[in-house]
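Descriptive analysis of the structure
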Amino acid sequence: MSKLKNQFSEFYVDKLNEADLEDNLIVFDTNYLLDILKLPVGEARKYLDALEMVKDNIYIPYFVALEFNFNKIGVKTDTKIILENYKNNLTSKLDNFGEEITELKILKTDEFTAPLISLKEEFKKDFSALLEETINNFFSYNTIYADLIKLIENCIGDKKEQDWIDKVQKEGISRYEKEIPPGFNDKTKTDCTQYDDLQFEKKYGDLLIWKEIIEKAKETDKSKVIFVTNDGTSKKKNDILYSTHGRTIGPHIYLMNEMKRESKKELHIINNIRFVELTTGLSTEDLSKLQIAEEFFNRNEEHIEELNLLTHSPYKKSKDERQYINDKDRHYLSIRELEKQREYMDSLTLIEYKLKEINEEKEYLNIRIIDLEKRIEATSDIFEHNFLNQEMKSIVDRLEALEENENELRIELRKFGSYKIHIDKYN
């Protein structure tokens, strides 16, 4: 290695690839584990499959495991709130439909409305039962939770002593003053966590995890440390990933330098979905579904946290009644808006996927036409000539049908345009 690359090795790190996951230390943050519990079963299963494929290389820091256990019930509750809002929204639309049946005065007679109302109530009952069953199938918390625990139960770091915690927190004071990562974005947190005979300030949670990772890196003979976390994806945090002009470049250079200096290991940081993609080889469609589901639940959680804060009595007393009601309505509206956005994104993804399939088939058929033209020109056999012409006609007919289908889909795509403008403004 040249002197330049040797002295500044953090600036010359090769891009992570699938092979790197086979024989290196892979450290998971709390958000990866919690994502498994809040995502629908299909998406959660992909996260579990990815863990299974690297199970011999997994490391869960002690403070990650502790945070996971403290927050897992909250995640389940938040998911339940989101699903309840979804169910209530659908059933309220059915109730509104019932009101519309009796809206026209000249037809507002029992003879006319009673059979329709009865049919609506019967449908609502069947619909509600099917909706409940479908949700339970898609969010099977107990099965997913049991599988997750089985995968990680023997990968947890050792419990730390209070002296070790105090030393890290003391170092954290000077690090945060100089904005040395990780964790300085949390320096305004004031609450503490107590568990067993340990106590630590929450603002130093990320730093405690980081120090654990460095200690583990010193012990391993692996050459790379891969930290899987979504922490750096939030616009509110810049204490783990380096970004410029709105674009994420990679791990904060100080973290890479500290890891190299302390353990002689190369640090990589990737987000949750990138890890699943590298490990399981997701299709474009599966990747899109994961991204939509994860963003939907993460943004819903932000509004639920705000609602919990609003209903906390000391906060409520500090607000005048009108402001309190306006804030609550704003967050409830945001949650409903996110539900609409997810429906929009699911439809948009399906349209884009269909357009991609059409373009691929059109490319194939155009290649077939070129081949047929050459064969028609070359043949002197009248029967073969007629057969090839007939095949050409069927391909042209298919292309015309694809063009018509593509035009219809692009019209649908344009209909989404006005709503996309609304979403961009909302975001």
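The next point concerns the nonpolar core. By size, the foremost hydrophobic cluster in this structure holds 64 residues, and its most contacted members are Phe 28, Tyr 32, Leu 51 and Phe 275. Counting 13 residues, the second-largest nonpolar core is a separate cluster that includes Ile 351, Leu 365, Ile 376 and Leu 399.

A few words on empty space enclosed by the protein. Taken as a whole and judged by the stated rule, the model has 1 cavity of 30 Å³ or more. Of the pockets and cavities examined, the largest cavity occupies roughly 110 Å³. Surrounding the largest cavity, 14 residues form its lining, Pro 182, Asp 206, Phe 227, Asp 231 and Ile 240 being those nearest its centre.

This paragraph deals with the pattern of salt bridges. Scanning all chains against the criterion turns up 27 salt bridges. A salt bridge links Lys 202 to Asp 191, with the nearest nitrogen and oxygen atoms 3.5 Å apart. With a gap of 11 residues between them, Lys 202 in the loop between β4 (198–201) and α8 (205–219) and Asp 191 in the loop between α7 (162–177) and β3 (192–195) connect regions that are remote in the sequence. Linking Arg 398 and Glu 361 is a salt bridge whose minimum nitrogen-to-oxygen distance equals 2.8 Å. Pair noted here: Arg 398 is in helix α14 (residues 382–426) and Glu 361 is in helix α13 (residues 321–378), with a separation of 37 residues, a long-range link. Shared partners join several salt bridges into a network, and the residues in it are Glu 171, Arg 175, Lys 211 and Glu 258.

It is worth spelling out the side chain of Asp 29 at this point. Relative to the assigned elements, Asp 29 resides in the loop between β1 (25–28) and α2 (30–38). Those residues in contact with Asp 29 that sit more than four places away from it in its chain are Val 64, Ile 209, Phe 227, Val 228, Thr 229 and Asp 231.

Reading the values: the criteria
Residues numbered from 1 in each chain as written. Predicted model: local features only at pLDDT ≥ 70, side-chain atom pairs only at ≥ 80, totals over all residues. Heavy atoms only, no water. Core = buried A, V, L, I, M, F, W, Y, C linked by side-chain atoms within 4.5 Å. Buried < 20%, exposed > 50% of the residue type's maximum accessible area, 1.4 Å probe, protein only. 1 Å grid on protein atoms, 1.4 Å probe; cavity = no way out; pocket = protein on both sides within 12 Å on 5 of 7 lines; lining within 4 Å. Points joined across faces, edges and corners; volume = space filled by probe spheres on them. Salt bridge = Lys/Arg side-chain N within 4 Å of Asp/Glu carboxyl O. Helix = DSSP H or I, 4+ residues; strand = E, 2+ residues; numbered from the N terminus. Contact = heavy atoms within 4.5 Å.

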